[in-house]
Each structure stands twice: as C-alpha cells, then as structure tokens.
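Residue strings, one per chain:
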Amino acid sequence: IVYGLLCAADGCPVAIEVFDGNTADPATLASQISKLKQRFGVSHVVLVGDRGMITHARISDDVKPAGLDWITALRAPSIKALAEAGALQLSLFDDRDMATITSPDYPDERLIVCRNPDLARERGRKRQDLLTATERDLAHIAAAVGRRRQPLRGAARIGIKVGVVLDRHKMAKHFDLAITDDSFRFARKTEAIAAEAMLDGIYVVRASLPADTLDDAGAVRAYKSLALVERAFRCLKTVDLQVRP
C-alpha cells in the first residue's frame, strides 16, 4: 500500500489517505488537490513538493490546469544545463548565498539559486572518497591483468570485474577506461570532475508565485518545510505508529 500524507505549513498532519501499492506518487496529486480545496474550503492552493512529485509533466498536465501555484526544485541535470547556458553564474554568490535568476526554459517562474557551503564541503568530501576508492579497486584489477603469473585475460572477464567496481562506487561517469583482451587502463576525467564540483552545494528552488506574494527567502523556507513532512512520515512508519512492515 501507499500512504499519502498532507501537512500544513507548520508540519502538522491534517489528512491522510491509503492507495493501492502500485500507485505512483505523482498519480495521486490531482484527486488530492480537489479534495483539499473542497474539504478545507481553500481557494488559493500553493503546492510544495519535491522534485519527484512536482515534475515538469505534472505541472503541465495537472497543476497549471487546476489553477495552482507551486514551489519545487530543479534536478541536478537541469541545474547543470542552466550553468552551461550561462543563466547560472557562480559570481552571483560573491556577496550572499541566494540569488534570483530567470530562464526562457521556465517562463513566468522565479528560479531562486541557493548555495549551502556546508553541503558543498560534504559533497566534495564524499566525491573524493569515492574517487579514491574506485581508483584503488581499479588498480587491483590492472595489477591482475599485468602480473606475470596467471594474469587476468579476456576483455569480457576484465570488463565484468571493472563493472562490479563501478557499480559499487557509482563513479563510472568520472573515469575513462580502455579494455582489451590483455590490457586495462583507466584515468580520471579531471575536467568533468572539476565542472561537477563547481556546482557542489548549489540547489535551485522554482516558484510560480510572484515576489510580492512570497519573497525569495519565504519560497526557500517553504521548500525546506518538506522536511517537516518527512518527519511526520517517520513518526507514521517507525517512531510512533510503526506501520512499516
């Protein structure tokens, strides 16, 4: 089964519904919005949802036709595209860790770019740890291929072992690989790694509300309030009600 939980702005649970277990989260959205407006007599709804719930398709198909405003965030590939197009420049953060930009890809929306230095440091540390671990494990394979006695041979066999390492550390995109029947070489993609690192700690909140209705800081606070929903879910599943199997 799937539980749908609705929280007020302060994180207080106000409604819950149970759905069939094969129901995707976004598919529950339209019906719940209608119930919300009818049950609580709400005329203006601002939907705050994570990147998996309020997708581009969901905005076009359900949110806009229902006359709703929304606050959500961009996925990492979309943030990267903004940076490559020049709409997002790191010089925006010379004086503060929040800036508003616009993009023709998001008409009639505000894109509020935020930088979290602590998150940037943590992501950089994790990436470096994973890169180091990947290199260590790949070096073991390279040594097995290059050893004199009973060397590892066959592109397929080498590739399988390499695949296990890449799957374990999730760093395949950051390495160039060369595999033949009797050789194996690898190297970091230093430029790609540096480009990714430049966006560490940066997230983008997108909002349809005008600034005179909800300012930038308020929109960011609203998106971060999703943590209160997650807290309510934890109480539902584990801490208090313990409905999790």
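Preceding this section is the structure that the text describes.
A few words now on the overall build of the protein. Secondary structure assignment for the protein yields eight helices and nine strands. Relative to the 2.2 N^0.38 estimate, which gives 18 Å for 245 residues, the radius of gyration of the protein is 23 Å and therefore markedly larger than a compact globule would have. Summarising its shape, the C-alpha atoms of the protein cover approximately 80 × 50 × 30 Å along the three principal directions. Relative to its full complement of 245 residues, the protein shows a buried share of 34%. Expressed as a percentage of contacts within the protein between residues at least 6 apart in sequence, the contacts between residues at least 24 apart total 55%. Total accessible area computed for the protein in this model is approximately 14,700 Å², and 53% of it derives from carbon and sulfur atoms. Averaging the coordinates of the 36 positive side-chain charges in the protein and doing the same for the 32 negative ones gives two points 8 Å apart.

Moving on, we come to a positive patch on the surface. On the surface, a cluster of positive charge is contributed by Arg 51, Arg 75, Arg 123 and Lys 126. By the secondary structure assignment, Arg 51 is in the loop between strand E3 (46-48) and helix H2 (56-63).

Our focus in this paragraph is the nonpolar core. Membership of the largest hydrophobic core comes to 20 residues, with the highest contact counts inside it found for Ile 71, Ile 112, Cys 114, Val 205, Val 220 and Tyr 223. Sorting the residues of this core by element identifies strand E1 (2-7), strand E4 (69-73), strand E6 (110-115), strand E9 (202-207), helix H7 (216-224) and helix H8 (226-239) as the ones contributing at least two each. Take this core: its biggest share by element is five residues, from H8. Judged by nonpolar contacts, the second largest core, of 14 residues, contains Met 171, Phe 175, Phe 184 and Ile 193.

The residue Asp 137 is located in helix H4 (residues 117-146) in this model. At a separation of 2.9 Å, a polar atom in the side chain of Asp 137 contacts the side chain of Arg 168. Apart from the residues lying within four places of it in its own chain, the contact partners of Asp 137 are Val 165, Arg 168 and His 169.

Where H4 meets helix H5 (residues 155-169), the axes come as close as 10 Å, and the angle between the chain directions of the two elements is 170°. It follows from the interaxial angle that H4 and H5 lie roughly antiparallel. Judged by the twist between their axes, the crossing of H4 over H5 is right-handed. Residue-level inspection shows Leu 130, Ala 133, Thr 134, Asp 137, Leu 138, Ile 141 and Val 145 of H4 in contact with H5, the latter providing Ile 158, Lys 161, Val 162, Val 165, Leu 166, Arg 168 and His 169.

This part covers the environment of Leu 138. Assignment of secondary structure puts Leu 138 in helix H4. Among the residues examined, Leu 138 registers a relative accessible area of 0% and is labelled buried. With 25 residues separating them along the chain, Leu 138 and Gly 163 place their C-alpha atoms 9.9 Å apart. If sequence neighbours within four positions are ignored, Leu 138 has contacts with Val 162, Val 165, Phe 175, Leu 177, Phe 184 and Phe 186.

Quick notes on the rules
Residues numbered from 1 in each chain as written. Predicted model: local features only at pLDDT ≥ 70, side-chain atom pairs only at ≥ 80, totals over all residues. Heavy atoms only, no water. Helix = DSSP H or I, 4+ residues; strand = E, 2+ residues; numbered from the N terminus. Rg over C-alpha atoms; globule rule 2.2 N^0.38 Å. Buried < 20%, exposed > 50% of the residue type's maximum accessible area, 1.4 Å probe, protein only. Contact = heavy atoms within 4.5 Å. Areas by Shrake-Rupley, 256 points an atom, 1.4 Å probe, with all protein chains shown as cover. Lys, Arg positive; Asp, Glu negative; His and termini not counted. Charge placed at Lys NZ, Arg CZ, Asp CG, Glu CD. Patch = residues over 30% accessible without salt bridge, like charges linked within 9 Å, V, L, I, M, F, W, Y side chains within 5 Å. Salt bridge = Lys/Arg side-chain N within 4 Å of Asp/Glu carboxyl O. Core = buried A, V, L, I, M, F, W, Y, C linked by side-chain atoms within 4.5 Å. Polar contact = N/O pair within 3.5 Å; in protein donor to acceptor, adjacent residues only side chain to side chain. Axes fitted to C-alpha atoms, helices over the stretch in contact; angles between N-to-C directions. Parallel < 35°, antiparallel > 145°, perpendicular 65-115°, else oblique. Left-handed = near helix turned anticlockwise from the far one by under 90°.

Note that every value here comes from positions in space, so none of it alone points to a role or purpose.
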